[in-house]
Amino acid sequence: MKNAWWAALALGTVAISASKPQGHNLMKLPSFRGVVEVRSSLPGRMRLYVPALLSNPAQAEEMKHQLEATGAVHAVEISGRTSTLLVRYDESQVEGAVVEGAVIKLLGLDEAIAREPVSRISTGVKTLYDAVNRGLWDATNGLVTVKALTGTALAVAAVRSIASAGWALPGAATMLWWAARLFGGEKA
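Residues numbered from 1 in each chain as written. Predicted model: local features only at pLDDT ≥ 70, side-chain atom pairs only at ≥ 80, totals over all residues. Heavy atoms only, no water.

Quick look at helix α8 (residues 171-183)
The first and last C-alpha atoms of α8 sit 18 Å apart over 13 residues, in line with the 18 Å expected at 1.5 Å per residue. Looking only at α8, the buried set comprises Ala172, Met175, Ala179 and Leu182. The buried residues of α8 occupy an angular sector of 90° when projected down its axis, which confines them to one face. Residues of α8 that are buried sit in contact with α7 (146-165). (Helix = DSSP H or I, 4+ residues; strand = E, 2+ residues; numbered from the N terminus. Expected span 1.5 Å × (residues − 1). Buried < 20%, exposed > 50% of the residue type's maximum accessible area, 1.4 Å probe, protein only. Arc of directions from axis to C-beta. Contact = heavy atoms within 4.5 Å.)

Brief notes about the packing of helix α3 (residues 57-68) against helix α4 (residues 96-106)
Running from amino to carboxyl end, α3 crosses α4 at an angle of 140°, the nearest separation of the two axes being 10 Å. Taken together, the axes of α3 and α4 are oblique relative to one another. Taken as a pair, α3 and α4 cross one another with a handedness that is right-handed. Contacts from Gln59, Met63, Gln66 and Leu67 of α3 reach α4 at Ala102, Val103 and Leu106. (Axes fitted to C-alpha atoms, helices over the stretch in contact; angles between N-to-C directions. Parallel < 35°, antiparallel > 145°, perpendicular 65-115°, else oblique. Left-handed = near helix turned anticlockwise from the far one by under 90°.)

Re the nonpolar core
Counting 23 residues, the largest nonpolar core has Leu48, Leu85 and Val87 as the members making the most contacts within it. Secondary structure elements with two or more residues in this core: β2 (45-49), α3, β3 (73-79), β4 (84-89) and α4. Setting aside residues up to four positions removed in sequence, Val87 forms contacts with Gly44, Arg45, Met46, Val73, Ala75, Val76 and Val99. Leu154, Met175, Ala179 and Leu182 belong to the second-largest nonpolar core, a separate cluster that totals 5 residues. (Core = buried A, V, L, I, M, F, W, Y, C linked by side-chain atoms within 4.5 Å.)

A word on the environment of Gly135
Along the chain, Gly135 falls in helix α6 (residues 120-139). Along the primary structure Gly135 and Val146 are separated by 11 residues, whereas in three dimensions their C-alpha atoms are 9.5 Å apart.

Structural notes on α4
Along α4, the residues classified as buried are Gly96, Val99, Glu100, Val103 and Ile104. Along the long axis of α4, the arc covered by the buried residues comes to 140°, so they all point the same way. Contacts from the buried residues of α4 go to β1 (37-42), β2, α3, β4 and α5 (110-114). One or two residues past the end of α4 sits Gly108, with phi positive at roughly 70°.

No statement about biological role is implied by the geometric values presented.
Shown next as structure tokens:
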């Protein structure tokens, strides 16, 4: 009976938390991680986290003056310490997404948004690969890299597979194809 009560309590908690709106972006404005993140949005008011504000304060001030000159934006407050931007605007004259788009365009962040995102796992694996490759290259005085070692291992495995089982697919032929791609300079 106790377990059933705890299970019901857990399910109720999950149901309640799932029904609550996540975050404070009530207007559902697009957020671009690391470039322009919507911290909060209400009709007529939005707070954006923009790390680029720190790197170019003059451009941020110019953006502020241009937005305020439109007449639809009442005030723009820039906080250099927190890299945030508070924009108060007249929602009857302009939509929040348009204001956010203007901020992105005026700060020149559209290229950063268009760039293909790179995951931290991909970056970590590449860093590990580069370290192992450099270590192998250093240990063999420039004779072998990870790519050369992998290609050689695949070619040897393919020859052994041919010797024992013939040209069975996908074994030997596939390994030779992978080895050829590695030695040919193409990305595998």
